[in-house]
Amino acid sequence: MNRAFLRRASLSLLGFAAAGGILMASPDAPSSQASEQSPTDTAKGVECTAPVPQAVGSSAKHSMVSGALEREYILTLPEDYASRSDWPLIVAFHGRGSTGVEVEGYSRLSDLPAVVAYPFGVFPDDADPRRAWQGAPYSDPEVDDVAFVEDLVDHLDAELCLDGEQVFATGKSNGGGLALALACLIPDRITAAAAAAPALYPETRQACLEPSRSPSMIIHGTDDVTIPYGGDPDRDLPDIEEWGLELAQASRCRPHPDRTHVGDDVEYLSWSTCARGGEVTVVSVQGGGHVWPGAAAYSGGGFTTRTLDGNEAVWEFFMKSR
């Protein structure tokens, strides 16, 4: 079992965690120094005066050190980034074997009015060239990705004009599992989480039935053969709707979800009015594969619905969850 994962969880339940073209900066380019006063200390909505680490409206690659490892991430700034000081932050995690470049390309999250960071996972070992995130059985047990996310958020908050009360996590597959785990393990840092086709291995679920959890949304295709909608007992993966119900019961939400149909192939199941913890939404895509809904490029095998744009769906959920 992932020792770093268990260590952080035992310290506190608040302790966890194709491609499109972008403008790339040199990985070795130095980041701008943070101003003496944190941008988030200024009044919300006023002009942001912190140094800008790259051209506004661009995506560029940066690196930082966390847990004695050099970690990389793509950073995207909106076109009008410098006009105010309360930007939301979205941290988006790629799936196993993918990269931050690829998830930016197919997700279109960079089109949203937010600062977006696309971190890169770590190679588990020299024999496995597929980057992965903590919580999955194929990840490196020595890598603490939850600490990395906390370090990344702190780093970006110190350098950029962010609203610390609007920090959101999203991702696909293995990265989606990490995003949802963060909502359970560090709800004081993550305002809400949403994931497409998340890989909900036991370690990603371990603190999710505790009293404190941020609002969570799962978007999942019913014909996903990689992470089956109905679960996989051999890998201890849960049935998606049953897991949504378990989360809702733990949060003491209304027992029966509201059901809303969108088009012919999308259904929202929303458990709300929760006495504790965050609300839960499961978005079922009939016939959907292991994909990001409405993807702008290849994001995985199987049918990709055009009824739903994943970036718009997660943004609507995030704004509702503030």
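Report follows, based on the coordinates. Given the structure is predicted, the values throughout are model-derived calculations rather than measurements.

## Quick word on the overall build of the chain
Part 1: Broken down by element type, the chain carries seven helices and ten strands.
Part 2: The burial tally for the chain puts 57% of its 322 residues in the buried class.
Part 3: Accessible surface, the chain: about 13000 Å² in total, of which carbon and sulfur atoms supply 49%.

## Looking at the sheet that holds strand β5 (residues 162-172)
Part 1: Reading across from one edge, β1-β2-β4-β3-β5-β6-β7-β10-β9-β8 is the order of the ten strands in this open sheet, with mixed pairing throughout. In the strand order of this sheet, the two ends are held by β1 (59-66) and β8 (258-262), each with one partner. Between one strand axis and the next, the sheet turns by 20 degrees as a mean value, whatever way the strands run.
Part 2: In this structure, β8 lies alongside strand β9 (residues 266-271), joined through five bridges in antiparallel fashion. Counterpart to D258 in the pairing with β9 is S270.
Part 3: Lying on the sheet, helix α4 (residues 174-185) is in contact with β3 (87-93), β5, β6 (192-196) and β7 (216-221); it crosses β5 at an angle near 145 degrees.
Part 4: In the packing of helix α7 (residues 310-320) onto the sheet, contacts are made with β3, β5, β6, β7, β9 and β10 (280-285), and the angle to β6 comes to roughly 160 degrees.

## Notes on helix α2 (residues 100-107)
Part 1: The element α2 is largely enclosed, with a buried count of six among its eight residues.
Part 2: Here α2 has its buried residues at G100, V103, E104, G105, Y106 and S107.
Part 3: Next to the buried residues of α2 lie β1, β2 (69-76), β3, β4 (115-119), β5 and α7.
Part 4: R108 sits one or two residues past α2 and shows a positive phi near 60 degrees.

## Some remarks on the state of the cysteines
Any covalent bond linking the sulfur atoms of two cysteines counts as a disulfide.
Part 1: One pass over the structure, following the stated rule, counts two disulfides.
Part 2: Bridging C184 to C208, the disulfide has an S-S length of 2.0 Å. Across the S-S bond linking C184 and C208, the dihedral sits near 100 degrees, which makes this disulfide right-handed. Taken together, the residues span a long stretch of sequence, with C184 in helix α4 and C208 in the loop between α5 (202-205) and β7 at a distance of 24 residues. Here C184 and C208 have matching classes, each one buried.

## A look at the side chain of N311
Part 1: Considering the arrangement of structural elements, one finds N311 in helix α7.
Part 2: Here N311 falls in the buried class, since its relative accessible area comes to 5%.
Part 3: With sequence-adjacent residues up to four places away left out, N311 is seen in contact with S107, R108, L109, D111, L112 and W292.

## Examining the pattern of salt bridges
Part 1: Per the stated rule, a full pass over the model turns up 13 salt bridges.
Part 2: Residues joined in a network through salt bridges with shared partners are R96, D128 and R130.

## Side note on unusual backbone geometry
Part 1: We note that A68 has phi near 65 degrees; this positive angle belongs to a residue other than glycine.
Part 2: Following the sequence through the fold, A68 ends up in the loop between β1 and β2.
Part 3: Phi at S173 takes a positive value of approximately 55 degrees, unusual for a residue other than glycine.
Part 4: Positionally, S173 belongs in the loop between β5 and α4.
Part 5: The class of S173 is buried, set by a relative accessible area of 8%.

About the thresholds
Residues numbered from 1 in each chain as written. Predicted model: local features only at pLDDT ≥ 70, side-chain atom pairs only at ≥ 80, totals over all residues. Heavy atoms only, no water. Helix = DSSP H or I, 4+ residues; strand = E, 2+ residues; numbered from the N terminus. Buried < 20%, exposed > 50% of the residue type's maximum accessible area, 1.4 Å probe, protein only. Areas by Shrake-Rupley, 256 points an atom, 1.4 Å probe, with all protein chains shown as cover. Pairing = 2+ DSSP bridges. Axes fitted to C-alpha atoms, helices over the stretch in contact; angles between N-to-C directions. Contact = heavy atoms within 4.5 Å. Disulfide = S-S within 2.5 Å. Salt bridge = Lys/Arg side-chain N within 4 Å of Asp/Glu carboxyl O.

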